[in-house]
Amino acid sequence: EDLFAMAASLASPNEKGTIDQIVDAAYEVAASSSGANLGTALHRFAERIDDGEKDVEVPAKWRADVAAYLDTMRKYHVEVLDSFTERILVNKTIDVAGTCDRFLTRPDWSKPRVGDLKTGKNVVEKMDEIAGQLDIYANATHWYDPVTKTLHEMPDVDKEVGIVMHLPVGRSMCTLYEVNIAAGWEAVQREIANRDYRKRKDLCVPLSAWEQASTKPDEPVAD
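Residues numbered from 1 in each chain as written. Predicted model: local features only at pLDDT ≥ 70, side-chain atom pairs only at ≥ 80, totals over all residues. Heavy atoms only, no water.

(A) Here's a closer look at the environment of Asp82. Note on placement: Asp82 falls in strand β1 (residues 79–91). Remark: the alpha-carbon pair of Asp82 and Asp50, spanning 32 residues in sequence, is separated by 8.5 Å. (Helix = DSSP H or I, 4+ residues; strand = E, 2+ residues; numbered from the N terminus.)

In structure tokens:
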């Protein structure tokens, strides 16, 4: 059923790579990736709707999940910034790039906020990692257009607070969290330090040959 959900979430059967992914997953005997596949499908349904696509056909079993997402966003007056869904963001300062799910707005926010849709069972216990992820997005220097293959200046977004939309698969509920992404910079610094350490090339050198100094026979050997 998870593969069916993924296939149903596609706008076209010709979407590059996705059909191959579904076919490969269909060969799996175990259902170990079922939860991840359902999460991917929910992501895709929500993305298509947020992009303004009309008449997105969501299979009956997951309509309640998608409806919960849409109802919660409306309840809290949170809207998706046009053309900023699944944007590739580039942070040249730390040489990192990633895909940000959403840029979000609300009437009482002075700036758009970066948003991330999570479909796992529990996000609160992973919020330290998520805060770092959103911090990287919020401090990105550019966004990348894969169609034109060009970089564009990053819009001015909130660098203090981000949003997580938690939509656990099969729960028919959605919770919005404000995330202290400024604090997430601490986690980012640790990751950067670990990355830079792993890149170091000066941690070892070949062992040099050792030659014992020869002693002349007629010279006394010192104690």
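(B) Quick look at the side chain of Asp145. As for its position among the elements, Asp145 is in strand β4 (residues 142–145). Despite its burial, Asp145 pairs with no opposite charge, the nearest such side chain being Arg87 at 5.0 Å. Within the structure, Asp145 has its side chain in polar contact with the backbone nitrogen of Val147 (distance 2.9 Å). Beyond its immediate stretch of four places on either side in the chain, Asp145 contacts Thr150 and His152. (Buried < 20%, exposed > 50% of the residue type's maximum accessible area, 1.4 Å probe, protein only. Lys, Arg positive; Asp, Glu negative; His and termini not counted. Salt bridge = Lys/Arg side-chain N within 4 Å of Asp/Glu carboxyl O. Polar contact = N/O pair within 3.5 Å; in protein donor to acceptor, adjacent residues only side chain to side chain. Contact = heavy atoms within 4.5 Å.)

(C) Structural view of the environment of Trp143. Along the polypeptide, Trp143 turns up in strand β4. In this structure Trp143 comes out as buried when scored by relative accessible area, which is 12%. Taking C-alpha positions, Trp143 is 27 Å from Tyr76, a pair spaced 67 residues apart along the chain. With residues up to four places along the chain from it excluded, the contact list for Trp143 reads Phe84, Arg87, Ile88, Leu89, Thr150, Leu151, His152, Glu153, Met154 and Pro155.

(D) Quick look at the packing of aromatic side chains. Under the defined criterion, the tally for this structure stands at two aromatic pairs. With a centroid separation of 4.7 Å and an interplanar angle of 5°, the aromatic rings of Phe84 and Phe103 are classed as stacked. Of this pair, Phe84 sits in strand β1 while Phe103 is found in strand β2 (residues 96–105), placing the two residues 19 residues apart along the sequence. Judged by relative accessible area, which is 12%, Phe84 ranks as buried. Looking at Phe103, the relative accessible area reads 1%, which means it is buried. Aromatic side chains Phe84 and Trp143 sit 5.8 Å apart centroid to centroid with 75° between the ring planes, which places their arrangement in the edge-to-face category. (Phe/Tyr/Trp six-rings, centres within 6.5 Å; stacked < 30°, edge-to-face > 60°.)

(E) Inspection of the packing of helix α5 (residues 127–138) against helix α6 (residues 181–199) at higher detail. Two elements in contact, α5 and α6, have axes whose closest approach is 7 Å; the angle formed by their N-to-C orientations is 100°. Our classification of the angle between α5 and α6 gives roughly perpendicular. Residues Asp128, Ala131, Gly132, Leu134, Asp135, Ile136 and Ala138 of α5 form the contact with α6, whose own contacting residues are Ile181, Ala182, Gly184, Trp185, Ala187 and Val188. Residue classes in the contact of α5 with α6 are distributed as nine nonpolar, two polar and two charged. (Axes fitted to C-alpha atoms, helices over the stretch in contact; angles between N-to-C directions. Parallel < 35°, antiparallel > 145°, perpendicular 65-115°, else oblique. Nonpolar A, V, L, I, M, F, W, Y, C, P; charged D, E, K, R; others polar.)

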